[in-house]
Amino acid sequence: MATNAFRRPKFVDHIIEDDDGLVVGTIRVKPSGVGWAPADGKKWRNVPLEKFIAFMEEKGRLTEK
């Protein structure tokens, strides 16, 4: 007998709000990279995961998990 399973999502969206609760934009995380869309935008800006990792290594602030 076959076992049913849930499909994994292809991406996860995180909506970013400012201190007043207004939407600033959305970050989309995919296995292949990271995307950004402003609140009123209809297009995404994407960066491959390798470039995002290099950017974070160079510019990111080190914090504890």
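The structure we're discussing is the one just above.
Keep in mind the model is a prediction, meaning the values are calculated, not measured.

Caption draft 1: Fine view of the side chain of Thr26. With respect to the helices, strands and loops of the structure, Thr26 is situated in strand 2 (residues 23-30). With residues near it in sequence (within four places) discarded, Thr26 still touches Asp13, His14, Ile15, Gly35, Trp36, Ala37 and Trp44.

Caption draft 2: Fine view of a nonpolar patch on the surface. Among the surface-exposed residues, Phe52, Ile53, Phe55 and Met56 lie close enough to one another that they form a single nonpolar patch of about 360 Å² accessible area. Structurally, Phe55 is set in helix 1 (residues 49-59). Taking the relative accessible area as the measure of exposure, Phe55 reaches 46% and is therefore partly exposed.

Caption draft 3: The pairing of strand 1 (residues 12-17), seen in detail. By the bridge criterion, 6 bridges tie strand 1 to strand 2 in an arrangement that is antiparallel. Counterpart to Ile16 in the pairing with strand 2 is Gly25. Counting the residues that bridge the hairpin from strand 1 to strand 2 gives 5 residues, and of these Gly21 lies at a positive phi of roughly 85°.

Caption draft 4: Here's a closer look at the packing of aromatic side chains. Tallied over the full model, the rule gives 0 aromatic pairs. Sitting above the plane of the Phe11 ring, Arg28 keeps its charged end 3.8 Å from the centroid.

Caption draft 5: Structural context of a negative patch on the surface. Judged by side-chain charge, Glu17, Asp18, Asp19 and Asp20 come together as a negatively charged surface patch. According to the relative accessible area criterion, Asp20 is exposed, its value standing at 67%.

Caption draft 6: Up close: the side chain of Arg28. If you trace the backbone, Arg28 turns up in strand 2. Apart from the residues within four sequence positions on either side, Arg28 is in contact with Phe11, Val12, Asp13, Gly33, Val34, Gly35 and Trp44.

Calculation notes
- Residues numbered from 1 in each chain as written.
- Predicted model: local features only at pLDDT ≥ 70, side-chain atom pairs only at ≥ 80, totals over all residues.
- Heavy atoms only, no water.
- Helix = DSSP H or I, 4+ residues; strand = E, 2+ residues; numbered from the N terminus.
- Contact = heavy atoms within 4.5 Å.
- Patch = residues over 30% accessible without salt bridge, like charges linked within 9 Å, V, L, I, M, F, W, Y side chains within 5 Å.
- Areas by Shrake-Rupley, 256 points an atom, 1.4 Å probe, with all protein chains shown as cover.
- Salt bridge = Lys/Arg side-chain N within 4 Å of Asp/Glu carboxyl O.
- Buried < 20%, exposed > 50% of the residue type's maximum accessible area, 1.4 Å probe, protein only.
- Pairing = 2+ DSSP bridges.
- Phe/Tyr/Trp six-rings, centres within 6.5 Å; stacked < 30°, edge-to-face > 60°.
- Lys NZ or Arg CZ within 6 Å of the ring centre and 35° of its normal.
- Lys, Arg positive; Asp, Glu negative; His and termini not counted.
- Charge placed at Lys NZ, Arg CZ, Asp CG, Glu CD.

This is a description of form; function is not addressed.
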